[in-house]
Amino acid sequence: MTADTSRRLSLSIIIVSYNTKALLQQCLASIEAQRGPGDEVIVVDNASVDGSAAMVRQRFADVRLVASDENLGFARANNQALAMTSSELVWLLNPDTRLEPGALAAAAAFMQRHPAVGMAGTALINPNGSAQPSVEYRYPGQRCARSLLGDLPGEIAWILGASIVARRRVLQAVGGFDEHYFLYGEDLDLGLAVRKAGWPIGFIKESVVTHHGGE
């Protein structure tokens, strides 16, 4: 299979936010500076009380805002936004991130060059510029389940949920995130589901994202 490089793949960028107004504003500004005409941004605000939703309405008119009246959790909120997307690629992005220049185009180009990859992580750096781990090559307890995990495609086991670029049809095929997870662990579970469905996971080193972490 060869990739069609005659056009850039469009992206639907999903951000689930909870009381991260200042960081969310920086994140959206970094996206706005480099998004293409076919890209869309969806913010699900999980009942923040810091004015996050109002900030998005006032400063980012092109962003589709879902202002929830309850905290849906990470998995459920992302799935709600996934159902609203229309682009070929979906970028699941934390609000405490900032796209470095060229990150968006590099992510789209990688997925276009590697049509067999179902999902990929980007390079993550700390605010001071030091490297932050973004991909893992083993599952916790993997040595105890070798017979179940030995034939999965690719070398990467899972990627950090702060920055995930995936094909929309792949996320739809595996049902998105498992909503039994409220927060934490759902990224590991998603990586396993994607690989079980026959898709390897990639790493986009050219797409760099600053991640504050824990916000």
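Just so it is clear, the structure is predicted and the values come from calculations on it, not from any experiment.

Caption draft 1: Looking closely at the pairing of strand β3 (residues 64–68). One ladder, built from five bridges, connects strand β2 (residues 40–46) with β3; its direction is parallel. Pairing of Val44 across the sheet is with Val66, part of β3. Handedness of the crossover joining β2 and β3 through helix α2 (residues 52–59) is recorded here as right-handed.

Caption draft 2: Representation of unusual backbone geometry. Positive phi, normally seen in glycine, also occurs at Asn19, with a value near 55 degrees. If you trace the backbone, Asn19 turns up in the loop between β1 (11–17) and α1 (21–32). One non-glycine residue, Ala47, lies in positive phi territory at about 60 degrees. Along the chain, Ala47 falls in the loop between β2 and α2.

Caption draft 3: Structural context of the packing of α1 against α2. Closest axis-to-axis distance for the α1/α2 pair is 9 Å, and the angle between their directions is 30 degrees. With respect to α2, the element α1 is oriented roughly parallel. With respect to the hand of their crossing, α1 and α2 are arranged in right-handed fashion. Residues Lys21, Leu24, Gln25 and Leu28 of α1 touch α2, and the partners they reach there are Ser52, Met55, Val56 and Arg59.

Caption draft 4: Main features of the pattern of salt bridges. Counted under the stated rule, the structure contains three salt bridges. The salt bridge involving Glu100 is made with Arg98; its shortest N-O contact spans 3.2 Å. Arg98 sits in the partly exposed class, given a relative accessible area of 29%.

Caption draft 5: Spatial organisation of α2. Along α2, the positions that sit buried rather than exposed are Ser52, Ala53, Met55 and Val56. Mapping the buried residues of α2 onto a view down its axis gives an arc of 160 degrees, with all of them on the same face. Set apart from the buried face of α2 by more than 90 degrees, the exposed residues are Arg57 and Gln58. In the core, the buried residues of α2 are packed alongside β1, α1, β2 and β3.

Caption draft 6: A look at the nonpolar core. Counting residues in each nonpolar core, the largest one holds 31 residues, and the members touching the most others are Ile13, Ile15, Leu28, Ile31, Trp91 and Leu93. Elements represented by at least two residues in this core include exactly β1, α1, β2, α2, β4 (89–93), α4 (103–113), β6 (119–125) and β11 (201–211). Not counting residues within four places of it along the chain, the set of residues in contact with Ile13 comprises Ile31, Glu40, Val41, Ile42, Trp91, Leu93 and Leu104. Grouped together as the second largest cluster of nonpolar side chains are 23 residues, Val66, Ala81, Val194 and Ile201 included.

Rules behind the numbers
Residues numbered from 1 in each chain as written. Predicted model: local features only at pLDDT ≥ 70, side-chain atom pairs only at ≥ 80, totals over all residues. Heavy atoms only, no water. Pairing = 2+ DSSP bridges. Helix = DSSP H or I, 4+ residues; strand = E, 2+ residues; numbered from the N terminus. Right-handed = clockwise from strand over helix to strand, strands pointing away. Axes fitted to C-alpha atoms, helices over the stretch in contact; angles between N-to-C directions. Parallel < 35°, antiparallel > 145°, perpendicular 65-115°, else oblique. Left-handed = near helix turned anticlockwise from the far one by under 90°. Contact = heavy atoms within 4.5 Å. Salt bridge = Lys/Arg side-chain N within 4 Å of Asp/Glu carboxyl O. Buried < 20%, exposed > 50% of the residue type's maximum accessible area, 1.4 Å probe, protein only. Arc of directions from axis to C-beta. Core = buried A, V, L, I, M, F, W, Y, C linked by side-chain atoms within 4.5 Å.

Structural measurements only, silent on function.
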